[in-house]
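# Chains, contacts and geometry: an overview
Residues per chain are reported as follows:
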Amino acid sequence: MKNFFVLTLLSMFIFTSCAISGVDADEEGVFVAKPWIFGSGGVNDNSLTEGTSITAASTDVVRFKVIPQKYAEVFDDVMSDDNTPVDLQAYVILQIERGKTPILLKNYGEQWYDNNVRETFRKYIRDRVSTYPMYDLTSNREACQKIEDETTVLLQSYFDKLNKEKELPVKILSVIVDRATPN
């Protein structure tokens, strides 16, 4: 009876101290160890690219989509070159490089887009929009194409700058600007 009790306690401890983590086909998981007693914590250098894994219960899994992701930004009352406020939407399509999600988490965190890219992207769009008159922004597709091209070049330059400081394993696939609508 004593052996059964010890075996039961041991199996309960083993099953409650483990967690099963999995990722979908379009995701990678990064393990962040937070040991309670023994070992060292931090971001694991190897990511979970497919299937499931058993980890300590104190280990968190941060999931990143590694397929192209579209980030939408809404602009309300952006001033055009002729001081007419316009509304528009702009999108940037970004893709995290496969196998480099631990680097992204270590260098830029889980909210990497919001913390490092979003406001710079918004600034580049606002700056480009303010160089065109309202008529071009609402009806000239070539003006929108120029804004997209110029913003892509500026954003790539910004990513290159970030890469010099700390690696940013993200590719810019495209920038899309919808036609503006006047108020």
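These figures come from a predicted structure and were not determined experimentally.

## Structural notes on the overall build of the protein
Counting its regular elements, the protein contains five helices and nine strands. The 183 residues of the protein split such that 34% are buried. Taking the contacts inside the protein whose residues are at least 6 apart along the sequence as the reference set, 73% of them involve residues at least 24 apart. Put simply, the protein shows about 10,900 Å² of open surface, and 54% of that area lies on carbon and sulfur atoms.

## Comments concerning a nonpolar patch on the surface
A contiguous nonpolar surface patch, about 500 Å² in accessible area, is contributed by Trp36, Ile37 and Phe38. The topology assignment puts Ile37 in the loop between strand S2 (27-33) and strand S3 (42-48).

## Quick notes on helix H2 (residues 101-108)
Listing the buried residues of H2 in full gives Thr101, Pro102, Leu104, Leu105 and Tyr108. Gly109 lies just past H2 and shows a positive phi near 85°.

## Quick word on the nonpolar core
Ranked by size, the top nonpolar core spans 36 residues in total, and within it Trp112, Ile125, Leu155 and Phe159 carry the most contacts. If you list the elements that add at least two residues to this core, you get S2, strand S5 (60-65), strand S6 (69-79), strand S7 (85-96), H2, helix H3 (112-129), helix H5 (141-165) and strand S8 (170-177). Setting aside chain neighbours within four positions, we find Phe159 in contact with Leu94, Val117, Leu168, Val170 and Ile172.

## Regarding H3
Helix length check: H3 (18 residues) gives 25 Å between terminal C-alpha atoms against 26 Å at 1.5 Å per residue, within 8%. The largest bend along H3 reaches roughly 40° and is located at Arg118. Within the span of H3, buried status applies to Trp112, Tyr113, Asn116, Val117, Thr120, Phe121, Arg122, Tyr124, Ile125 and Val129.

So, how was this worked out
Residues numbered from 1 in each chain as written. Predicted model: local features only at pLDDT ≥ 70, side-chain atom pairs only at ≥ 80, totals over all residues. Heavy atoms only, no water. Helix = DSSP H or I, 4+ residues; strand = E, 2+ residues; numbered from the N terminus. Buried < 20%, exposed > 50% of the residue type's maximum accessible area, 1.4 Å probe, protein only. Contact = heavy atoms within 4.5 Å. Areas by Shrake-Rupley, 256 points an atom, 1.4 Å probe, with all protein chains shown as cover. Patch = residues over 30% accessible without salt bridge, like charges linked within 9 Å, V, L, I, M, F, W, Y side chains within 5 Å. Salt bridge = Lys/Arg side-chain N within 4 Å of Asp/Glu carboxyl O. Core = buried A, V, L, I, M, F, W, Y, C linked by side-chain atoms within 4.5 Å. Expected span 1.5 Å × (residues − 1). Bend = angle between axes of the 7 residues up to and from the residue.

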